[in-house]
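# Per-entry structural report
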Amino acid sequence: MPLGELFHPRCNNHWECRAIETKKVIVFDKDQKSRHIIDILCRKLGCVDIVDVELQEVFDLEVAKTVDKYGGMGGLLGKSALPKISVNLFILDWDSPKGGAPTLIKSIKARFTGMYRFLVVADKRHAAEMGVAMKAGATDFILKPFSLSEFKEKMDNVLSAKPLTVSSFNLTQPPKEAPKGVPKAPAVSAPAWGAKPAVAPAAQPSVPPNATQIKPKFPPMAQQPAAGAGKGGGPSFYTATAKRRPDKGDAPTATLVDGQIDGHYHEKVDVIGGGENCYWAKEVEGEKVRLDYLSAKGTATGVEAKVIDKEEFLYNYYLCEEYGCQILKRLGKWPPPQDQ
């Protein structure tokens, strides 16, 4: 496929080209050939401010060059404030940094502020470990070998997608005030770390406004019998809304696709302005549901995020094709055309 069909030509009157030309990119890959290919692909996309490094010491020096000692809150709070860096994107090879890419991501986030993002590049043998990079703060990842179109898709995602707003990682954080007109769930004291939380009845989840206006694509699922409560998924850097267990009269929130759990679902999360975490959900043995990370186009990556109880899934997750989500909205697939 000709490069012209994959990339925007660089010009002076195309807003996307002008925007990407202002981005500063640091590529950290100890393999010279791989580093050279990534550099070429970035320039084909219009990036002009690119620095390639192969050693940790050189990487640290290049990051230090971008520090704005007087920018942001540093001018008000002095040395106690984290310095701001002017890097927009770090493209990190999984094996190149000391301790691996997740360790370097955590280090940068702990030492610097700024509007930077991370794209992790890894061999396919590390596919199962990409969830670690995402939890560390990576914006996206790409597995080698990759095509030109795949790289362009990832770059579009990390450079143009809206930044995520993540609440602090605090298991004892009090719930936010519910909007007016929405019943509040009864207060439940936070359990000690590792202890099983007490089961308490919760209020029915609020139904998104558009759910009542659009005819569901799939029929609602019949009520499932209550199963034994398991451990569920582990903690996340997103603070999910309180997990619901079925009470008398409760109806599941998760709609099945052709009678199965196999599709694009989301759970609600407590972020500023409201939001959701999207996954590709598929039922597995042992009354469990496996949740995989999604690509920028909303397709399954095959990289496991977590495995939770089926009961927890049925009463806390929503089918994105029925209720909508940020990914479908960004792709222009939501809201769907109205039936006449």
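These lines cover the structure that appears in this document, whether it is placed above or below. Nothing here was measured: the structure is a model prediction, and the numbers come from that model. (Residues numbered from 1 in each chain as written. Predicted model: local features only at pLDDT ≥ 70, side-chain atom pairs only at ≥ 80, totals over all residues. Heavy atoms only, no water.)

## Considerations on the nonpolar core
Side chains that are nonpolar tend, in soluble globular proteins, to be buried together. Core analysis: the largest hydrophobic core is formed by 43 residues, its most contacted members being Phe59, Phe90, Leu92, Ile108, Val120 and Phe313. Here the element with the most residues in this core is helix H6 (residues 101-111); it accounts for 4 residues. If we skip the residues at most four places from it in the chain, Phe313 touches Ala254, Ile261, Tyr265, Ala281, Val289, Leu291 and Ile308. (Core = buried A, V, L, I, M, F, W, Y, C linked by side-chain atoms within 4.5 Å. Buried < 20%, exposed > 50% of the residue type's maximum accessible area, 1.4 Å probe, protein only. Helix = DSSP H or I, 4+ residues; strand = E, 2+ residues; numbered from the N terminus. Contact = heavy atoms within 4.5 Å.)

## Considerations on the packing of aromatic side chains
Tallying each qualifying case throughout the model produces 9 aromatic pairs. Consider the rings of Phe59 and Phe90, whose centres lie 5.8 Å apart with planes at 50 degrees: the pair is tilted. Here Phe59 is found in helix H4 (residues 56-65), whereas its partner Phe90 is found in strand E5 (residues 89-93), with 31 residues between them in sequence. Across the pair, exposure class does not vary: Phe59 and Phe90 are buried alike. Within the aromatic cluster, the residues linked to one another by ring pairs are Phe28, Phe59, Phe90, Tyr116 and Phe118. (Phe/Tyr/Trp six-rings, centres within 6.5 Å; stacked < 30°, edge-to-face > 60°.)

## Remarks on unusual backbone geometry
The residue after Lys144, namely Pro145, is reached through a cis peptide bond having omega -5 degrees. Topologically, Pro145 is positioned in the loop between strand E7 (140-144) and helix H8 (148-160). Residues Trp334 and Pro335 are joined by a peptide bond in cis, for which omega reads 0 degrees. Structurally, the position occupied by Pro335 is in the segment after helix H11 (326-330). Despite not being glycine, Asp258 has its phi angle at roughly 55 degrees, a positive value. Positionally, Asp258 belongs in the loop between H8 and strand E8 (262-269). One non-glycine residue, Glu287, adopts positive backbone phi at about 55 degrees. With respect to the secondary-structure elements, Glu287 resides in the loop between strand E9 (275-284) and strand E10 (288-294).

## Digging into helix H3 (residues 32-44)
Compared with an ideal rise of 1.5 Å per residue, which puts 13 residues at 18 Å, H3 spans 18 Å between its outermost C-alpha atoms and is within 8% of the ideal. Taken residue by residue, H3 has Ser34, Arg35, Ile38, Asp39, Leu41 and Cys42 as its buried positions. With its buried residues spanning 165 degrees around the axis, H3 presents them on a single face. Facing away from the buried side of H3 by over 90 degrees, the exposed positions are Gln32 and Lys33. (Expected span 1.5 Å × (residues − 1). Arc of directions from axis to C-beta.)

## A closer look at H6
Taken together, the buried positions of H6 are Ala101, Pro102, Leu104, Ile105 and Ile108. Looking straight down H6, one finds that the buried residues subtend no more than 160 degrees of arc, so they occupy a single side. Set apart from the buried face of H6 by more than 90 degrees, the exposed residues are Lys106 and Ala110. Residues of H6 that are buried in the fold lie against strand E1 (24-28), H4, strand E4 (84-85), E5, strand E6 (117-123) and helix H7 (130-136).

## Re the pairing of E5
Among the 5 residues that make up E5, 5 are buried, leaving the element largely enclosed by the rest of the structure. Residues of E5 alternate between two faces, with Leu89, Ile91 and Asp93 on one and Phe90 and Leu92 on the opposite face, all of them buried. Two elements, E1 and E5, share 4 bridges in a ladder whose sense is parallel. Each bridged residue has a counterpart across the sheet, and for Phe28 the counterpart in E5 is Leu92. When E5 meets E6, the two strands line up parallel, connected through 5 bridges. (Pairing = 2+ DSSP bridges.)

## Some remarks on the sheet that holds E8
The pairing of strands in a sheet comes from backbone hydrogen bonds and takes either a parallel or an antiparallel form. Taken together, the 5 strands give an open sheet; going across it, the order is E11-E10-E9-E8-E12, and neighbouring strands pair in antiparallel fashion. Bordering the open sheet on either side are strand E11 (300-309) and strand E12 (317-319), each of which pairs with just one other strand. Put simply, the sheet's adjacent strands are angled 45 degrees from each other on average, direction ignored. Sheet topology note: the E10/E11 ladder contains 6 bridges and is antiparallel. Residue pairing for E11: Leu294 is matched across the bridge by Ala300. (Axes fitted to C-alpha atoms, helices over the stretch in contact; angles between N-to-C directions.)

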